[in-house]
Amino acid sequence: MPLTWTLTICTYNRPHFLVETLRCALGQSRRPSEVVVVDASDAWEEHRDQMLEEFAAEWKTVTLVYVPAEVRSLTFQRNQALRLATSDIVFSLDDDIYLYPDAAEKVMAVYDADSDSEIAMVTGHFTDGPYQPSAKVEDSQASVPVHRSKLREWFESQLTLDSHFVPYGESVDMGPVPASVQHLNVHPSGLVNGGRTTFRRVFAVDSGWTELLRYYATHEDSDFSYRLSRFGRLVVAPDAGFFHADGNDSTASRFRINTIRVRNLLALHAVHSSNHMRSALRCLGSFAKFAGLYLAIDAAQKRFSFPTVRAYTYGIAQIPVFLFFPMKNFQQWYTELQERMYGNRYKS
């Protein structure tokens, strides 16, 4: 039997984005077998009824599961959606990710070819705006070459998603893709973020997202994809086009955002690492590197309060607290710390 896929979406007070995300998903050349929406909005029933009416004809062949969030938190909502999904493959997308018409077909072709389940996760390519579903993804990737100095290229190479995340064990395998998919346009991928996550459900059901990151959950995707990389390869299908319609950039200060980043990373190591001394040394090296890099970057951008440098320096000072003197009930302590620091701003 051919593999099936479920679209899972977590949303909060954004039906205007959700309706377009569903329109793109239901218009795929390879359609989902089901759609699961976990809505944290107070008016979730109103939003559900809007989607039922908007796509009434589609729900005759695609199952819709639309439920209220048990906990208003991205990680909890994603796990709730994962528990409700029944297909072989799960597309876990943000509520503002528009798929190009053949994106699911391109992604599913990789899973279909991977008969031995050597691949745990397939991601696609984020295109530049505006969203043009009639355009080919390779056309959207074409751009005027940008000439950068070697120094700038080196700086940018140090600021990737993989560089910011400190692994708990071995690095993600970046070797050649499995032989079964080498005839496709597929390449090794590092960690995956940005709402373009697809994965084999069977690998995720026992791990899921770390609910310790309850509010502003930066690093939650890196953590999830890293732990899935222990089950199989992470790959990218660059012909599968994804468009991020909103981006939802935070209005919080740089110091606050980066303090959250280092605290979340330390909390993840506290619960997932089997060797806290190794984690401490790795985090120390990473935070020291970023403090040094941002000393130059903050100065170059005239941020003379050095917010990012201060955040990473603060992170170094917190390493013993998180990794060597954990609280009796660490999860409760960290949840309460997030509550005190982030408040209502990050609960969505």
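Our structure's up above, just so we're on the same page.
My aim in this report is to walk through the structure given alongside it, one point at a time. (Residues numbered from 1 in each chain as written. Predicted model: local features only at pLDDT ≥ 70, side-chain atom pairs only at ≥ 80, totals over all residues. Heavy atoms only, no water.)

A closer look at the overall build of the protein chain
The condition that has to hold: By the criteria applied, helices consist of DSSP H or I runs no shorter than four residues and strands consist of E runs no shorter than two, each listed in order from the N terminus. Here's how the labels work: a residue is buried when its accessible area is under 20% of the maximum for its type, exposed when over 50%, partly exposed in between, all with a 1.4 Å probe on protein chains only. By definition, residues are in contact when any of their heavy atoms lie within 4.5 Å. For every accessible area listed, the method is Shrake-Rupley and the probe measures 1.4 Å; residues are considered covered only by the protein chains on display. Note on charges: Lys and Arg go in the positive column, Asp and Glu in the negative column, and His and the chain ends are not counted at all. In plain terms, the charge of a residue is placed at NZ if it is Lys, CZ if Arg, CG if Asp and CD if Glu.
Along its length, the protein chain carries 13 helices and nine strands. Projecting the C-alpha coordinates of the protein chain onto the three principal axes gives extents of approximately 55 × 45 × 40 Å. Within the protein chain, buried positions represent 52% of all 348 residues. Across the protein chain, every contact between residues at least 6 apart in sequence was considered, and the portion connecting residues at least 24 apart equals 83%. Total accessible area on the protein chain is roughly 16,200 Å²; 52% of this is exposed by carbon and sulfur atoms. Here the protein chain carries 35 positive and 40 negative side-chain charges, and the mean point of each set is 9 Å from the other.

As for the packing of helix α10 (residues 254–272) against helix α13 (residues 330–342)
Pairs of packed helices are described in terms of their axes, by the angle between the two and the distance that separates them. Under the convention used in this document: Helix axes are fitted only over the stretch in contact, all axes being lines through C-alpha atoms; the angle between N-to-C directions runs from 0 to 180 degrees. With respect to orientation, any angle under 35 degrees is reported as roughly parallel, any angle over 145 as roughly antiparallel, any angle of 65 to 115 as roughly perpendicular, and every other angle as oblique.
Two numbers describe how α10 lies on α13: the axes approach to 12 Å, and their chain directions differ by 175 degrees. It follows from the interaxial angle that α10 and α13 lie roughly antiparallel. Taken together, the residues of α13 that come into contact with α10 (itself represented by Arg256, Thr259, Ile260, Arg263, Asn264, Ala267, Ala270 and Val271) are Phe330, Tyr334, Leu337, Met341 and Tyr342.

What to know about the packing of aromatic side chains
Stated precisely, the cut-off is as follows: Ring geometry is summarised as follows: Phe, Tyr and Trp rings, the Trp one being its six-membered ring, pair when their centres sit within 6.5 Å, and such pairs are stacked at plane angles under 30 degrees, edge-to-face over 60 and tilted between the two. Placement of a charge over a ring requires the Lys NZ or Arg CZ to be within 6 Å of the ring centre, with the centre-to-atom vector within 35 degrees of the ring normal.
For the structure shown, the criterion picks out 23 aromatic pairs. Judged by centre distance (5.6 Å) and plane angle (75 degrees), the ring pair of Tyr98 and Tyr131 falls under edge-to-face. With a gap of 33 residues between them, Tyr98 in strand β5 (residues 97–99) and Tyr131 in the loop between β6 (119–126) and α5 (137–141) connect regions that are remote in the sequence. Among the aromatic residues, ring-to-ring pairing joins Tyr98, Tyr100, Tyr131 and Phe243 into one connected group. In this arrangement the basic side chain of Arg230 is found over the ring face of Tyr226, its NZ or CZ atom lying 4.5 Å from the centre. Cation over ring: Arg310 sits above Phe255, and NZ or CZ is 4.6 Å from the ring centre.

Here we look at unusual backbone geometry
Phi is positive for Asn13, close to 60 degrees, though the residue is something other than glycine. With respect to the helices and strands, Asn13 occurs in the loop between β1 (5–11) and α1 (15–26). With relative accessibility at 42%, the residue Asn13 sits in the partly exposed group. Phi is positive for His219, which is not a glycine, with a value near 85 degrees. Here His219 is to be found in the loop between α8 (201–204) and α9 (220–228). For His219, a relative accessible area of 7% puts it in the buried group.

Focus on the nonpolar core
Short version of the rule: Residues enter a nonpolar core if they are buried and are Ala, Val, Leu, Ile, Met, Phe, Trp, Tyr or Cys, with the set joined through side-chain atoms within 4.5 Å.
One finds Phe199, Phe287, Phe322, Phe330 and Tyr334 to be the most contacted residues of the largest nonpolar core, which totals 46 residues. Of all the secondary structure elements, the ones that give two or more residues to this core are α9, α10, α11 (276–300), α12 (307–323) and α13. Broken down by element, the residue count for this core peaks at eight residues, all from α11. Not counting residues up to four positions away in its chain, the partners in contact with Phe287 are Val262, Leu265, Leu266, Tyr312, Gly315, Ile316 and Ile319. Core analysis: the next-biggest nonpolar cluster, separate from the first, contains 38 residues, Ala25, Val35, Phe55 and Val62 among them.

Quick word on the pairing of strand β2 (residues 34–39)
We count it as follows: A pair of strands is labelled paired if DSSP reports no fewer than 2 bridges between them. Handedness of a crossover is defined as follows: orient the strands so they point away from the viewer, and if the path from the first strand over the helix to the second runs clockwise, the crossover is right-handed.
Of all the six residues making up β2, six are buried; the element is thus mostly covered by neighbouring parts of the structure. What you see with β2 is no split at all: Glu34, Val36 and Val38 on one side and Val35, Val37 and Asp39 on the other are buried throughout. Bridging between β1 and β2 involves six bridges; their strand directions are parallel. Counted as the bridge partner of Thr8 is Val36 from β2. Assessed by its sense of winding, the connection that carries the chain from β1 through α1 to β2 is right-handed. In the sheet, β2 pairs with strand β3 (residues 63–68) via six bridges, with the strands oriented parallel. Bridge pairing in β3 places Asp39 opposite Pro68. Of the crossover connections in this fold, the one passing from β2 over helix α2 (residues 44–54) to the parallel β3 is right-handed.

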